[in-house]
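Take a look at the letters that make up each chain.
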Amino acid sequence: MNTILSDEDRHLIFMREAIRLSQEGIDGNHGGPFGALIVRDGEVVGSGYNRVPSLSDPSAHAEVTAIRDAGHKLKNPHLEGCVLYTSCQPCPMCLGATLWAHIEKIYYAATEQDAAEIGFDDANFYRRLGFVYTKVEIPMVNLLREEAVTVMQKWFTKQYRIRY
């Protein structure tokens, strides 16, 4: 029997995979609790999780690693027709990379406030840049926040987490 998934079901599947990647990244001690996917026409074309401390690279956020992976696989830095699924609302750097990549839509789970509550500086950067999400001209949809926050809390209580 062929099961036809609704668009909503597909979005939930992709978001859960982004959240799973965030858990994979912290389980491997690669970085913070963040994971991301790039999807085109229902197919994952890029994925990544936060690797900032493991690579000593402040730009190795989950979204950037997923964009790099997709660009490499597609042999094109412009990812028109692609959608980003990320376990947390993108920081200003990741949002900029998303715009540079010409990604059409963003689905995110946890919020910038959730990231701030576990010690990440996103809110400070938004404030310093005078950044307002409502002015961004790219559609953004919040999904599965509580599932992502659960992973964030696991990272926050992890005895040997790498802070950066």
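Criteria and cut-off values
- Residues numbered from 1 in each chain as written.
- Predicted model: local features only at pLDDT ≥ 70, side-chain atom pairs only at ≥ 80, totals over all residues.
- Heavy atoms only, no water.
- Salt bridge = Lys/Arg side-chain N within 4 Å of Asp/Glu carboxyl O.
- Helix = DSSP H or I, 4+ residues; strand = E, 2+ residues; numbered from the N terminus.
- Buried < 20%, exposed > 50% of the residue type's maximum accessible area, 1.4 Å probe, protein only.
- Pairing = 2+ DSSP bridges.
- Core = buried A, V, L, I, M, F, W, Y, C linked by side-chain atoms within 4.5 Å.
- Contact = heavy atoms within 4.5 Å.
- Polar contact = N/O pair within 3.5 Å; in protein donor to acceptor, adjacent residues only side chain to side chain.
- Arc of directions from axis to C-beta.

S.K.: With reference to specific residues and values, describe the pattern of salt bridges.
M.R.: Tallied over the full model, the rule gives eight salt bridges. In this structure, Glu24 engages Arg20 in a salt bridge whose closest nitrogen and oxygen atoms are separated by 2.8 Å. Of this pair, Glu24 and Arg20 both sit in helix H1 (residues 7–27), four residues apart, which is roughly one turn of the helix. Judged by its relative accessible area of 32%, Glu24 falls in the partly exposed class. Asp57 is the salt-bridge partner of Arg68, the closest N and O atoms lying 3.8 Å from each other. Here the residue Arg68 occupies a position in helix H3 (residues 62–74), and Asp57 occupies one in the loop between helix H2 (52–55) and H3, the gap between them amounting to eleven residues. For Arg68, a relative accessible area of 44% corresponds to the partly exposed category. Within this structure, Glu17, Arg20 and Glu24 form a network of salt bridges that share partners.

S.K.: So what about the pairing of strand S1 (residues 35–40)? Which residues, and what values?
M.R.: By the criterion of burial, S1 is predominantly enclosed, with five of the six residues buried. Strand direction decides the pairing type here: S1 and strand S2 (residues 43–49), joined by six bridges, are antiparallel. Each residue of the ladder has a partner; that of Ile38, found in S2, is Gly46. Hairpin connection from S1 to S2: two residues lie between these consecutive antiparallel strands, with Asp41 at a positive phi of about 50°. Pairing between S1 and strand S3 (residues 82–88): five bridges, direction antiparallel. Across the sheet, residue Val39 finds its bridge partner in S3, namely Val83.

S.K.: Quick one: what's the story with the side chain of Thr98, residue by residue and with numbers?
M.R.: Here Thr98 shows up in helix H4 (residues 92–100). In this structure Thr98 comes out as buried when scored by relative accessible area, which is 0%.

S.K.: I'd like a rundown of the nonpolar core, residues and numbers included.
M.R.: Membership of the largest hydrophobic core comes to 43 residues, with the highest contact counts inside it found for Met15, Ile38, Leu79, Tyr85 and Ile103. Those elements that place two or more of their residues in this core are H1, S1, S2, H3, S3, strand S4 (105–110) and helix H7 (145–157). For this core, the leading source of residues is H1, giving six residues. When residues no more than four places from it in sequence are discounted, the contact partners of Tyr85 are His11, Phe14, Met15, Ala18, Gly35, Ala36, Leu37, Val39 and Tyr107.

S.K.: An account of the side chain of Ser59 is needed here, citing residue identities and associated values.
M.R.: If you trace the backbone, Ser59 turns up in the loop between H2 and H3. Note on Ser59: relative accessible area 18%, which makes it buried. A distance of 2.6 Å separates polar atoms of two side chains, one belonging to Ser59 and the other to Asp57. At a separation of 3.0 Å, a polar atom in the side chain of Ser59 contacts the side chain of Arg68. Not counting residues up to four positions away in its chain, the partners in contact with Ser59 are Val64, Arg68 and Met93.

S.K.: Would you mind going over H4 in detail, with residue names and values included?
M.R.: Listed as buried for H4 are Pro92, Cys94, Leu95 and Thr98. Each buried residue of H4 sits inside an arc of 165° when the element is viewed along its axis, so together they form one side. The inward-facing, buried residues of H4 contact H3, S3, S4 and helix H6 (122–129). Following H4 by one or two positions, His102 adopts a phi angle in the positive range, close to 65°.

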